[in-house]
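Next come the chains, spelled out residue by residue.
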Amino acid sequence: NSKVIQTPRYLVKGQGQKAKMRCIPEKGHPVVFWYQQNKNNEFKFLINFQNQEVLQQIDMTEKRFSAECPSNSPCSLEIQSSEAGDSALYLCASSLNWAETLYFGSGTRLTVL
Amino acid sequence: GQQVQQSPASLVLQEGENAELQCNFSTSLNSMQWFYQRPGGSLVSLFYNPSGTKHSGRLTSTTVIKERRSSLHISSSQTTDSGTYLCALDGGQGTGSKLSFGKGAKLTVSP
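Caption draft 1: Expanded view of the interface of chain A and chain B. Of the residues lining the interface, 22 residues belong to chain A; the matching set on chain B comes to 24 residues. Carbon and sulfur atoms supply 55% of the area buried between chain A and chain B, which totals about 1700 Å² over both sides. When the buried surface of chain A facing chain B is broken down by residue, Phe43, Trp98 and Phe104 of chain A rank first, second and third, together holding 30% of it. Summed over the shared surface of chain A and chain B, the number is one salt bridge. Residue Lys103 of chain B pairs with Glu42 of chain A through a salt bridge whose shortest N-O separation is 3.2 Å. Inspection of the region where chain A meets chain B yields eight residue pairs in polar contact (both at pLDDT 80 or more). Classifying every residue of the side of chain A that touches chain B gives 10 nonpolar, eight polar and four charged.

Below, the structure written as structure tokens:
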């Protein structure tokens with residue numbers, strides 16, 4: 001069973017507000033991914049980290065999100081100015097290395113009113 | 001186009017019947033991962049299967065790379081199997097996203 005912990009489970013924000021979610025990867029997992037799952041079950045990769053460093057991120061994340069994965073603190077993903085289209089389930093996953101399977105948290109369901 | 005095509009999109013069974021879910025992929029893969037997504041959203045990894053057949057209880061996963069397909073077989077389905085099943089192509093380190101997901105298969109098992 002996955003030990004990736006995501007908080008909060010639910011997040012409700014108004015348009016233009018900041019929305020911040022957190023993720024504690026499994027202990028000893030240096031690789032962290034964030035995905036967005038929309039209501040049509042479509043997954044979108046957002047960003048990944050290895051040992052606190054951003055390796056890859058999509059354009060949207062670079063422009064509108066702030067993300068970090070500091071050592072000895074939870075990883076975080078923050079939308080700087082929420083839009084209605086950001087309403088989705090945000091899933092964090094971690095792995096021991098790139099060749100291994102990803103273990104997912106329970107997700108943060110964001111609703112932007 | 002989408003790298004992973006999952007079918008069927010939904011499936012309704014009577015308890016005790018078997019289910020066969022398919023994923024076809026169009027690119028090379030490191031492995032195929034199958035997930036069960038709970039109604040609340042959390043993803044439970046069922047199999048990480050680069051090739052061949054793997055078993056876990058009533059579940060069987062088969063990945064055939066030459067034919068670019070992977071399947072999940074659920075035998076003797078139970079009502080508690082109801083939920084969404086997702087396959088995800090693991091492209092390995094060369095792909096930034098690592099996982100490319102299918103759109104999921106919603107399984108409903110009636111008593």
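Caption draft 2: Highlighting the pairing of strand 5 (residues 43–50) of chain A. All names here are of chain A. In terms of burial, strand 5 is a largely internal element, six of the eight residues being buried. Pairing of strand 4 (residues 31–37) with strand 5, which is carried by seven bridges, proceeds in the antiparallel orientation. The residue bridging Trp34 from the neighbouring strand is Ile47, located in strand 5. Counted between consecutive antiparallel strands, the loop separating strand 4 from strand 5 contains five residues, among which Asn41 sits at a positive phi close to 70°.

Caption draft 3: Local environment of the state of the cysteines. Under the defined criterion, the tally for this structure stands at three disulfides over all chains. Through a disulfide, Cys69 of chain A is tied to Cys75 of chain A; the S-S separation comes to 1.8 Å. Across the S-S bond linking Cys69 of chain A and Cys75 of chain A, the dihedral sits near 70°, which makes this disulfide right-handed. Classification of Cys69 of chain A as buried rests on a relative accessible area of 6%. The exposure class of Cys75 of chain A is buried, given its relative accessible area of 2%. In this model, Cys23 of chain B is linked to Cys87 of chain B through a disulfide, with the two sulfur atoms separated by 1.7 Å. One quick way to see it: the torsion about the S-S bond of Cys23 of chain B and Cys87 of chain B is about -85°, and its sign makes the bridge left-handed. Taken as a pair, Cys23 of chain B in strand 3 (residues 19–25) and Cys87 of chain B in strand 9 (residues 83–90) lie far apart in primary sequence, 64 residues in all. For Cys23 of chain B, a relative accessible area of 0% corresponds to the buried category.

Caption draft 4: A look at the sheet that holds strand 3 (residues 19–24) of chain A. Residues and elements named next belong to chain A. Pairing is antiparallel in the open sheet, where four strands are placed in the order 1-3-8-7. Both outer strands of the open sheet, strand 1 (5–7) and strand 7 (65–68), are each paired with one neighbouring strand and no more. Mean inter-strand twist for the sheet, computed between neighbouring axes without regard to direction, equals 15°. The pairing of strand 7 with strand 8 (residues 75–79) spans four bridges and is classified as antiparallel. Across the sheet, Ser66 pairs through a bridge with Glu78, a residue of strand 8.

Caption draft 5: Layout of the pattern of salt bridges. Tallying each qualifying case throughout the model produces seven salt bridges over all chains. Among the salt bridges present, the one from Arg64 of chain A reaches Asp86 of chain A, with a minimum N-O distance of 2.5 Å. Highlighted residues: Arg64 of chain A in helix 1 (residues 59–64) and Asp86 of chain A in the loop between strand 8 and strand 9 (88–95), separated in sequence by 22 residues. Asp86 of chain A shares its class with Arg64 of chain A; the two are buried. Here Arg69 of chain B makes a salt bridge to Glu67 of chain B, at a shortest N to O gap of 2.6 Å.

Rules used throughout
Residues numbered from 1 in each chain as written. Chains lettered and ligands numbered in written order. Predicted model: local features only at pLDDT ≥ 70, side-chain atom pairs only at ≥ 80, totals over all residues. Heavy atoms only, no water. Contact = heavy atoms within 4.5 Å. Buried area = accessible area lost by both parts, 1.4 Å probe. Salt bridge = Lys/Arg side-chain N within 4 Å of Asp/Glu carboxyl O. Polar contact = N/O pair within 3.5 Å; in protein donor to acceptor, adjacent residues only side chain to side chain. Nonpolar A, V, L, I, M, F, W, Y, C, P; charged D, E, K, R; others polar. Buried < 20%, exposed > 50% of the residue type's maximum accessible area, 1.4 Å probe, protein only. Helix = DSSP H or I, 4+ residues; strand = E, 2+ residues; numbered from the N terminus. Pairing = 2+ DSSP bridges. Disulfide = S-S within 2.5 Å. Axes fitted to C-alpha atoms, helices over the stretch in contact; angles between N-to-C directions.

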